[in-house]
Amino acid sequence: MDKIITYKPFGNQIILVEWESKIDTSILKEIIRFKNKIEFQKKILYTDLIVGYNSLAIKYKKPFLDFSIELEILKSIEKIEIQTERDTNFIFEIPVCYDVNFGIDLEEISAKSGLSIDKIIKLHSERSYTIFFIGFLPGFLYLGGLSEQLFFDRKANPRIQVEKGSVAIGGQQTGVYPNDSAGGWNVIGKTPINFFDIENVNPCFAKAGDKVKFKPVCIDEFHQLEKEIKANIYQVLKIEADA
Amino acid sequence: MLKVLKSGFYCSIQDKGRSGFASVGVPVSGIMDTYSSDLANSILNNPLDLAVLEITFGNCEFQFLKKTIICISGADFSAKLNGIVINLNSKIIIQPNDILSFGKMNFGARTYVAVKHGFLSEKRLKSRSYFKNITKDFIIRKNDLIAYTDFKLSLTFTNTSVKINQNHFRTPILECFKGPEFDKLNQNQRYKLLHQEFTISMDNSRMGYKLEEVLENNLPQILTSAVFPGTVQLTPSGKMIILMRDCQVTGGYPRILQLSEESINRLGQKSTGAKIQFVIN
């Protein structure tokens, strides 16, 4: 496949690798393939590999003296096609209660769009969404794949506090607030799932390249799940996704 | 234990921050001015990654409940021990119940109190740096107790203080690298960016410093991508934001410059109204 990758120094400790400027799962796959090669080949010392929509930032452990040397090493890492033990990707099932008590903007966006609340819920929960990367807040997933019918502008006046677990739509994206936070997205439901658990060695169960699917639950189920999660007896349901 | 008698404007425990968790959205955090904290830790012969108390703008008071030695480096906030003026950048012997206070600001924006063997607040994701939803506390409050180990000094030592480079606090010069979107700026924008002085606005914190002056902006936004402490973002209104230690891991504004590590430290000692000038090295 013909792919154009550019490498840029980003200060003297970071190198930014960029792909074509568009949001596309095939680009995401290439980014993750490159990331896996770096992790697998262990040729460079880095502290963080940060995925963006069309980029991979490599933060080195120490400042580099000569960008061109690092560039050659990265190019050689990229070139080698190794069958790494391909990182398995998962689809996580996320229970969401779309009750209007939680989905506090459902009535407004229903009125604006002419879609019934039931239709909004159906459109939102029938698809699976690709996790492009995690950013903004610890455990905040950038999800792609929202139905065009659900593209709603961000609120003109952002809320000072959106509750933890709120499932929301902002522009062409949907996501879950992993903690209480200020936010301008339209809130359509709530999940009891913790997207960021500081007690865990791996604080976020998901990673770039995985998928999530939202499963509607009623308010009684929501409260039941909330109890199970609090008692630490609930496990997020996951299935292996096709490569 | 260190007992907080008066919490001041903003104090927190900080070390060198969190590496390796950016892929799950966790900010680096950590000491704003590591030049100063490194000095304080090295004067005590501590490893440089031990946690220190970071004090913004002074006006606070602490009581030590156990013997130790400390060193204060960074901004000058008229530090006193039991009401008597003490030197910056020197070893200070602490007896139980000694009271350390900070008052008027003379220069700088942040000072660091290092203690022998470091402060021992909870470690989360390999760091003690306070951050909301990561550590239990994200700001130091009155009556907080912060752990450190008892240290009895066996030798006497001379109480000399280390001379520091005042340039660190005074120069407006911030050395930078070109950011990933620098090349998208036109000649006029580049000239202004590198020849004009800019002023730090009131909107400055551990997350970032917004600048007053506007740089005409006709760049398209970028697809969300990685940002770091020291990244200078150009927002749609033309205002620039210099991201600092507590910044998010990704952003969507063009990244026009990247500060050197030394310049991030320098900026950490500046606040509202201070002038800065970007220089590409």
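Residues numbered from 1 in each chain as written. Chains lettered and ligands numbered in written order. Predicted model: local features only at pLDDT ≥ 70, side-chain atom pairs only at ≥ 80, totals over all residues.

Novice: Let's hear about the overall build of chain A: which residues, and what values?
Specialist: Scanning chain A for helices and strands turns up 5 helices and 14 strands. C-alpha atoms of chain A, sized along the principal axes, occupy 60 × 40 × 35 Å. A total of 243 residues make up chain A; the buried ones form 38% of that total. Within chain A, contacts between residues separated by at least 24 positions form 63% of all contacts whose residues are at least 6 apart in sequence. (Helix = DSSP H or I, 4+ residues; strand = E, 2+ residues; numbered from the N terminus. Buried ≥ 20, exposed ≤ 12 C-beta atoms within 10 Å, placed from the backbone. Contact = placed C-beta atoms within 7 Å.)

Novice: How would you explain the nonpolar core if you had to name every residue and give the values?
Specialist: In this structure, Leu141 of chain A together with Ala40, Val52, Val113, Ala114 and Ile242 of chain B are the most contacted members of the largest nonpolar core, which totals 131 residues. Look past the residues within four positions of Val52 of chain B in its chain and what remains in contact with it is Gln14, Ile31, Ser37, Ala40, Asn41, Tyr112, Val113, Ala114 and Phe119 of chain B. (Core = buried A, V, L, I, M, F, W, Y, C linked by C-beta atoms within 7 Å.)

Novice: Go over the domain arrangement of chain A, please, and point to the residues and values.
Specialist: Accessible area lost during the coming together of the parts is what is often quoted as the interface size. All names here are of chain A. For chain A, the domain assignment lists domain 1 (6-79) and domain 2 (90-240). Summarising the inter-unit geometry, the C-alpha centres of domain 1 and domain 2 are found 30 Å apart. Counting residues per element, the side of domain 1 that touches domain 2 draws most heavily on helix H1 (residues 25-41), which supplies 3 residues. Counted by class, the side of domain 1 that touches domain 2 contains 5 nonpolar, 2 polar and no charged residues. (Domains from an automatic or database assignment. Nonpolar A, V, L, I, M, F, W, Y, C, P; charged D, E, K, R; others polar.)

Novice: Just give me the short version of the sheet that holds strand E9 (residues 99-102) of chain B, but keep the residues and values in it.
Specialist: All names here are of chain B. One open sheet holds the 6 strands; their spatial order is E7-E6-E9-E4-E1-E11, and the pairing between them is antiparallel. The outermost strands of the open sheet, each flanked by one partner alone, are strand E7 (84-85) and strand E11 (145-146). The pairing of strand E1 (residues 2-6) with E11 spans 2 bridges and is classified as antiparallel. Across the sheet, the residue bridging to Leu2 is Ile146, located in E11. (Pairing = 2+ DSSP bridges.)

Novice: Break down the interface of chain B and chain A for me, citing the residues and quoting the values.
Specialist: Of the residues lining the interface, 24 residues belong to chain B; the matching set on chain A comes to 32 residues. Residues of the side of chain B that touches chain A, tallied by class, amount to 11 nonpolar, 12 polar and 1 charged.

Novice: Can you explain the sheet that holds strand E3 (residues 46-51) of chain A? Please cite residues and give values.
Specialist: Residues and elements named next belong to chain A. Sheet architecture is open: 4 strands sit in the order E1-E2-E4-E3, paired in antiparallel fashion. Each of the sheet's edge strands pairs with one partner strand only, and the pair in question is strand E1 (6-9) and E3. Averaged over all pairs of adjacent strands, the angle between their axes in this sheet comes to 15°, without regard to strand direction. One ladder, built from 4 bridges, connects E1 with strand E2 (residues 14-18); its direction is antiparallel. Across the sheet, residue Thr6 finds its bridge partner in E2, namely Glu18. (Axes fitted to C-alpha atoms, helices over the stretch in contact; angles between N-to-C directions.)

Novice: Help me get a handle on the pairing of strand E4 (residues 60-64) of chain B, residues and values and all.
Specialist: Residues and elements named next belong to chain B. Residues Cys60, Phe62 and Phe64 of E4 are buried on one face, while the alternating residues Glu61 and Gln63, pointing to the opposite face, are not. Where E1 meets E4, 4 bridges bridge the pair, whose relative direction is antiparallel. From the neighbouring strand, Val4 faces E4, where its bridge partner is Phe62. By the bridge criterion, 4 bridges tie E4 to E9 in an arrangement that is antiparallel. Residue pairing across strands places Cys60 opposite Phe102, the latter belonging to E9.

Novice: Talk me through the environment of Phe198 of chain B; I want residue IDs and the actual numbers.
Specialist: All names here are of chain B. Locating Phe198 in the fold gives a position in strand E13 (residues 198-204). Taking the C-alpha atoms as reference, Phe198 lies 6.1 Å from Glu213; in sequence the two are 15 residues apart. Once you skip the residues sitting within four places of it in the chain, Phe198 turns out to touch Leu211, Glu212, Glu213 and Ile276.

Novice: Which residues make up unusual backbone geometry, and what are the values?
Specialist: Note: most peptide bonds trans; most residues except glycine with negative phi. Here the phi dihedral of Lys42 of chain A falls at roughly 50°; this positive angle occurs in a residue that is not glycine. With respect to the helices, strands and loops of the structure, Lys42 of chain A is situated in the loop between H1 and E3. Lys42 of chain A gets classed as exposed once you count the C-beta atoms within 10 Å, which come to 9. Of note, the phi angle at Asn82 of chain B is positive, near 50°, even though the residue is not glycine. Along the chain, the position of Asn82 of chain B falls in the loop between strand E6 (80-81) and E7.

Novice: Requested: an account of the domain arrangement of chain B, with residues and values cited.
Specialist: Residues and elements named next belong to chain B. With domains assigned, chain B is organised as domain 1 (2-165) and domain 2 (171-280). For domain 1 and domain 2, the distance between their C-alpha centroids amounts to 28 Å. Taken together, the contact between domain 1 and domain 2 spans 16 residues of the former and 14 residues of the latter. Residue assignment for the side of domain 1 that touches domain 2 shows that the elements contributing at least two residues are helix H1 (34-43) and strand E10 (107-115). A class-by-class count of the residues in the side of domain 1 that touches domain 2 yields 8 nonpolar, 6 polar and 2 charged.

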